[in-house]
2 protein chains.
Amino acid sequence: MSDLVERLRGQGWRMTAQRRVVAQVLDGDHTHLTADEVHARASRLLPEISRATVYNTLGEMVSLGEVIEVATDGRAKRYDPNARRPHQHLVCSGCGTIRDVHPTGSPLGDLPVAERFGFTVTEADITYRGLCPSCASGAAGAA
Amino acid sequence: MSDLVERLRGQGWRMTAQRRVVAQVLDGDHTHLTADEVHARASRLLPEISRATVYNTLGEMVSLGEVIEVATDGRAKRYDPNARRPHQHLVCSGCGTIRDVHPTGSPLGDLPVAERFGFTVTEADITYRGLCPSCASGAAGAA
DNA sequence: TTCTTGACTTGGACAGAGTCCATCGTAGGA
DNA sequence: TCCTACGATGGACTCTGTCCAAGTCAAGAA
């Protein structure tokens, strides 16, 4: 049914109806949902699921490395179930749509030692911004 | 006194005591303050300044391109007055310290057309993450 | 199958960040 | 100096996320 559910069970997770439903919501839909959206969709499958449980479950999935937390705009965090393949994000400044992208090059290598200030740098998140096709055509028409 | 104040006046800004104080706080200290920190520092110079005014003023400075909004962690946004020189950010995962950095390479060029999904891509924000020297030594000692 | 137990869930209170709005104050032009 | 539209105020409100005490239940043991 769900790869994610199987992997979580493999990690020693106690499998409850709530966790299964959250995993299904994330796994079935490769978009980037907010916690509230996950809660809304999970509620359709299991009406009595609580918000706290959704937050807890998402947090645990993030700790286990099965889900990535994406904070592109300072509003609600979004949850990206595509954690197993390294990727970056492309965000539409108009409507907020997010796409996973795979740039060439190695951003970590592009940071000279002189620019590291003694930090142990382990990660580089890139957020590309622009307008998606429909927002771009809308903007052209409006301007 | 303050370059930023002069530039804002040049943009047709009506100059009030509140705006001057916010500009001074940002201009005087090249760190990355949250709106609340800006409010706290501005209050020392002008005790009756309100939170709403600080938010409004910061928002306007961002629209004018004089200040950059940085959302590195999904918590409070930070405001970076160093908007005139393009740069990226290096964030300590331990204490949250932010440094401006200048990587080589062009991240925009690293995104193949096939990976753009028809977007008009205009910008690439890179957030490098790692541990600053003091957090790294603390972690080594603790582990 | 039943029991046991500790991990999980619930829901409501709470906190932090940010926005909104009606009202009041004032910068700057006439 | 006077006017007036732009800006400031502060309190209520929303949104996102966390915490906690009490109740529930998955899964291993007998």
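Definitions and limits used
Residues numbered from 1 in each chain as written. Chains lettered and ligands numbered in written order. Predicted model: local features only at pLDDT ≥ 70, side-chain atom pairs only at ≥ 80, totals over all residues. Heavy atoms only, no water. Phe/Tyr/Trp six-rings, centres within 6.5 Å; stacked < 30°, edge-to-face > 60°. Lys NZ or Arg CZ within 6 Å of the ring centre and 35° of its normal. Near = heavy atom within 4 Å. Polar contact = N/O pair within 3.5 Å; in protein donor to acceptor, adjacent residues only side chain to side chain. Helix = DSSP H or I, 4+ residues; strand = E, 2+ residues; numbered from the N terminus. Nonpolar A, V, L, I, M, F, W, Y, C, P; charged D, E, K, R; others polar. Least-squares fit on C-alpha atoms with pLDDT ≥ 70 in both. Contact = heavy atoms within 4.5 Å. UniProt positions renumbered as here; feature names shortened; annotations may be inferred. Buried < 20%, exposed > 50% of the residue type's maximum accessible area, 1.4 Å probe, protein only.

Student: Explain the packing of aromatic side chains to me, please; I cannot follow it from the model alone.
Tutor: Think of a pair of aromatic rings as described by two things: how far the centres are apart, and how the planes are tilted against each other in angle. This structure, assessed with the given rule, holds zero aromatic pairs over all chains. Lying across the ring of Trp13(A), Arg19(A) places its NZ or CZ 4.2 Å from the centre. The cationic tip of Arg99(A) hangs over the ring face of Phe117(B); the distance from NZ or CZ to the ring centre is 4.0 Å.

Student: For this particular structure, what's the right way to read the protein's contact with DNA strand D?
Tutor: Contacts to DNA strand D come from 17 residues, most closely from Lys77(A), Arg14(B), Thr16(B), Gln18(B) and Thr53(B). The protein-proximal atoms of DNA strand D, defined as those within 4 Å of the protein, are 68% sugar or phosphate. Measuring from a phosphate oxygen of DNA strand D, one finds a backbone N or O atom of Lys77(A) at 2.8 Å. Between DNA strand D and Glu48(B), the relevant distance is 3.0 Å, taken from a phosphate oxygen to a main-chain nitrogen or oxygen of the residue. Secondary-structure elements contributing two or more residues to the surface near DNA strand D are α4 (51-63) of chain A together with α2 (17-28) and α4 (51-63) of chain B. Tallying contributions element by element places α4(A) first for the surface near DNA strand D, with three residues. Considered class by class, the residues forming the surface near DNA strand D number seven nonpolar, four polar and six charged.

Student: Help me understand the relation of the copies chain A and chain B in this model?
Tutor: Between the two copies of the chain lies a relationship made up of a rotation around an axis and a movement along it. Laying chain A over chain B is done by rotating through 179° and shifting 0.1 Å along the axis; what remains is an RMSD of 0.2 Å. Accordingly, the operation relating the two chain copies is best matched by a two-fold axis. When the interface residues of chain A are mapped onto chain B, 100% of them again lie at the interface, so the same face is used by both copies.

Student: What's the story with the UniProt feature "binding site: Zn(2+)" (unreviewed entry) in chain A in this structure? I'm lost.
Tutor: Summarizing the sequence annotation, UniProt attributes the feature "binding site: Zn(2+)" (unreviewed entry) to Cys92(A), Cys95(A), Cys132(A) and Cys135(A) in the numbering used throughout. Judged by maximum C-alpha separation, these annotated positions cover 44 residues in sequence but sit close together in space, the widest gap being only 8.2 Å. For Cys92(A), the position within the fold is in strand β4 (residues 88-92). A relative accessible area of 2% places Cys92(A) in the buried class. Sequence-distant contacts of Cys92(A), that is, excluding residues within four places in its chain, are made with Thr97(A), Gly130(A), Leu131(A), Cys132(A), Cys135(A) and Phe119(B). Tracing the sequence through the fold places Cys135(A) in helix α5 (residues 133-142).

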